[in-house]
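Summary of the model geometry
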Amino acid sequence: MLSAEHVILRELLAHEPEWVSGPAMAAKLGVSRVAIWQCMEKLRAAGFTFEAQRARGYRLAKRPGTLHAALIEAQLKVRPRHFSLVVLDQIDSTNDETARQLGAGRPTPFAVLSRRQTNGRGRFGRTWQSDSTDNLYASFAFRPRVRPDRMQTFTLWMGVNVCELLANFTGLSPGIKWPNDILFNGRKAGGMLTEARVDADQIRDLVFGLGLNVNQPAGTWPGDLARRAVSLAEVTGAPLDLNRLAAALIGRVLLAYQKFSEGEHLATFADLWHRYDLLRNKPIALLEGGRRHHGIVTGLDDEGALLLRDDHGQAQRFRAGEVTLEKSS
Ligand code: BTN
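Residues numbered from 1 in each chain as written. Predicted model: local features only at pLDDT ≥ 70, side-chain atom pairs only at ≥ 80, totals over all residues. Heavy atoms only, no water.

**Section: the sheet that holds strand 5 (residues 136–142)**
Rules: In this scheme, strands are said to pair when DSSP sees at least two bridges between them. What counts as a helix is a DSSP run of H or I of at least four residues, what counts as a strand is a run of E of at least two, and both are numbered from the N terminus. A fitted line through C-alpha atoms represents every axis, and for helices the fit uses only the stretch in contact; the resulting angles, taken between N-to-C directions, go from 0 to 180 degrees. Contacts: residue pairs with any heavy atoms within 4.5 Å of one another.
Judged by pairing direction, the sheet is mixed, and its seven strands sit side by side in the order 3-4-5-9-8-7-6 without closing on themselves. Only two strands of the sheet have a single neighbouring strand rather than two, namely strand 3 (84–91) and strand 6 (175–177). Averaged over neighbouring strand pairs, the angle between their axes works out to 20 degrees when direction is ignored. Pairing of strand 3 with strand 4 (residues 110–117), which is carried by seven bridges, proceeds in the parallel orientation. Residue Ile91 lies in a different strand from strand 4, and its bridge partner there is Gln117. Seen against the sheet, helix 9 (residues 242–261) touches strand 3, strand 4, strand 5 and strand 9 (202–212) and runs at an angle of roughly 25 degrees to strand 5.

**Considerations on the pairing of strand 11 (residues 291–300)**
Sheet topology note: the strand 10 (residues 283–288)/strand 11 ladder contains six bridges and is antiparallel. Residue pairing in the sheet places Pro283 in a bridge with Ile296 of strand 11. Pairing between strand 11 and strand 12 (residues 306–310): five bridges, direction antiparallel. By the bridge assignment, Ile296 is partnered in strand 12 with Arg309. Counting the residues between successive antiparallel strands, the hairpin from strand 11 to strand 12 contains five residues, one of them, Gly304, with a positive phi of roughly 85 degrees.

**A few points about the domain arrangement of the protein chain**
As a reminder, the rule being used: Residue ranges for the domains trace back to a domain assignment, done automatically or taken from a database. Two parts placed together each lose some accessible area under a 1.4 Å probe, and the buried area is that loss summed for both. Any Lys or Arg side-chain nitrogen found within 4 Å of a carboxyl oxygen on Asp or Glu counts as a salt bridge. We define a polar contact as two N or O atoms separated by no more than 3.5 Å, with the added condition that, inside protein, one atom must be a possible hydrogen donor and the other a possible acceptor, whereas residues neighbouring each other in sequence contribute only through side-chain atom pairs. Asp, Glu, Lys and Arg are counted as charged, while Ala, Val, Leu, Ile, Met, Phe, Trp, Tyr, Cys and Pro are counted as nonpolar; the rest, among them Gly, fall into the polar class.
What the domain assignment reports for the protein chain is domain 1 (4–62), domain 2 (69–276) and domain 3 (283–325). The gap between the C-alpha centroids of domain 2 and domain 3 is 25 Å. For the domain 2 face of the interface with domain 3, the top three residues by lost area are Gln152, Lys177 and Trp178, together amounting to 53%. Remark: the boundary between domain 2 and domain 3 carries one salt bridge. Notably, a salt bridge pairs Arg126 with Glu322, separated by 2.5 Å at the nearest N-O pair. Our count for the contact surface shared by domain 2 and domain 3 stands at six residue pairs in polar contact (both at pLDDT 80 or more). Every element with two or more residues in the side of domain 2 that touches domain 3 is listed here: helix 6 (151–170) and helix 10 (269–276). The biggest single contributor to the side of domain 2 that touches domain 3 is helix 6, with three residues. Of the residues contributing to the side of domain 2 that touches domain 3, the split by class is six nonpolar, two polar and three charged.

**Describing the site of the ligand**
The test is simple: Being near a molecule or strand, for a residue, comes down to having at least one heavy atom within 4 Å of it. Methods summary: accessible areas were calculated by the Shrake-Rupley approach with a probe of 1.4 Å, and residue burial reflects only the protein chains presented.
Surrounding the ligand, one finds 20 residues, the nearest of these being Ser93, Gln117, Arg121, Arg123 and Lys188. Ser93 places a side-chain nitrogen or oxygen 2.8 Å from an oxygen atom of the ligand. A distance of 3.1 Å separates a nitrogen atom of the ligand from a polar side-chain atom of Thr94. Burial of the ligand by the protein chains amounts to 97% of its free accessible area of 420 Å². It is strand 8 (residues 187–199) that provides the largest number of residues to the shell around the ligand, a total of four residues. For the shell around the ligand, a count of residues per class yields six nonpolar, 10 polar and four charged.

**Side note on the packing of helix 1 (residues 4–15) against helix 2 (residues 22–29)**
Just so we agree on the cut-off: Comment on the angle field: the value is read as roughly parallel under 35 degrees, roughly antiparallel over 145, roughly perpendicular from 65 to 115, and oblique elsewhere. Left-handed describes a crossing whose near helix is turned anticlockwise from the far helix through less than a right angle; right-handed describes the clockwise counterpart.
Their axes nearest at 10 Å, the elements helix 1 and helix 2 cross at an angle of 130 degrees. Classified by the angle between their axes, helix 1 and helix 2 sit oblique to one another. Considering the relative orientation of helix 1 and helix 2, their crossing is right-handed. In this structure, helix 1 uses Ala4, Val7, Ile8, Glu11 and Leu12 to contact helix 2, whose residues at the interface are Met25, Lys28 and Leu29. Of the residues in the contact of helix 1 with helix 2, the class split is six nonpolar, no polar and two charged.

**Considering the packing of aromatic side chains**
Applied cut-off: Classification of ring pairs rests on two measures: the distance between centres of Phe, Tyr or Trp rings, Trp counted by its six-membered ring, which must be within 6.5 Å, and the angle between planes, read as stacked under 30 degrees, edge-to-face over 60 and tilted in between. Working definition: with a 1.4 Å probe on protein chains only, accessible area under 20% of the residue-type maximum means buried, over 50% means exposed, and in between means partly exposed.
Enumeration according to the criterion identifies nine aromatic pairs in this entry. When the centroid spacing of 3.8 Å and the interplanar angle of 10 degrees are considered together, the rings of Phe142 and Tyr257 count as stacked. A residue pair is termed long-range when its members are at least 10 positions apart, and Phe142 in strand 5 and Tyr257 in helix 9 qualify at 115 residues. In this structure, Phe142 and Tyr257 share a single accessibility class: buried. Seen from their ring centres, Phe154 and Phe260 are 5.2 Å apart, and the 80 degrees between their planes marks the pair as edge-to-face.

**Considerations on the pattern of salt bridges**
Throughout the structure, instances matching the rule amount to 25 salt bridges. Notably, a salt bridge pairs Glu51 with Arg59, separated by 3.2 Å at the nearest N-O pair. The partly exposed category is assigned to Glu51, whose relative accessible area is 33%. Glu303 is paired through a salt bridge with Arg317; the nearest N and O atoms lie 2.8 Å apart. Here Glu303 is found in the loop between strand 11 and strand 12, whereas its partner Arg317 is found in strand 13 (residues 315–318), with 14 residues between them in sequence. Its relative accessible area of 36% is what places Glu303 among the partly exposed residues. Taken together, the shared-partner salt bridges connect Asp301, Glu303, Arg317 and Arg319 into one network.

Laid out in structure tokens, this is it:
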């Protein structure tokens, strides 16, 4: 069931920059003009401003800069059956909330977005900086029928899809650093954290978490993030429409999941990986289980493991680890 706010915003967005009359919206929703007015007051309180003219109706003048559920919903271009969206003001971690809702039986697919996280998590138990409401913290829930060994390629596939969406949305050139970092000009703008619960060699459910630095201003990163992190707005030089980006990302992630679960991703994965991969033919150090390995990246195998040629010319394969690029000699 679509909310009245969702329908009103969809009408206003669809007719931009034209006006939409109050009676037309009331008729669409089957409610009174007073009910429309009350709904618009609620939207105003959430940060929207409208131009209103007695003879012409309403027009959207300003949208909120932080996440707004109905505004995201109104801009979704694809919407699988049963899809639902949760937008929270604050939560410990969207991955944890998604896992709780999966545990409580919520139908999939669904997405949980939050304006802030108090315990945002990254790989290796690290903290994901989540104080700023200018960024995106999102998790997606699925119940796939695939073997657990396909998890690694799932994150890589999602990563190239996120990169392609960002390239189209911003006109910039993102890159992916195996296995889960999204970088612009050598700085991290996004990270992915996929977590699954497994039953007897079958995935019971899967949470795909995505953190994306969208509009956080330069000079506000704490500690050594000042050197390592970047937001999309810092790279483009102008703030992005967070809700439009959120809607575009949700659409892309849902489509990418559908392709993955039907095995359709195999046709394009290698090309996309090649396009966005930042490591191919580069010298790297890979930290795995306390050991540091050095070598040149030669590619990926079918299971998404990273292939290295070490200093002795030997081929090595890594399923996990943390990569740092080294200077070419
Ligand atoms: C990493 O780079 O180590 C992965 C970072 C993943 C962060 C996102 S933010 C949304 C979701 N909720 C979390 O607690 N983590 C992921």
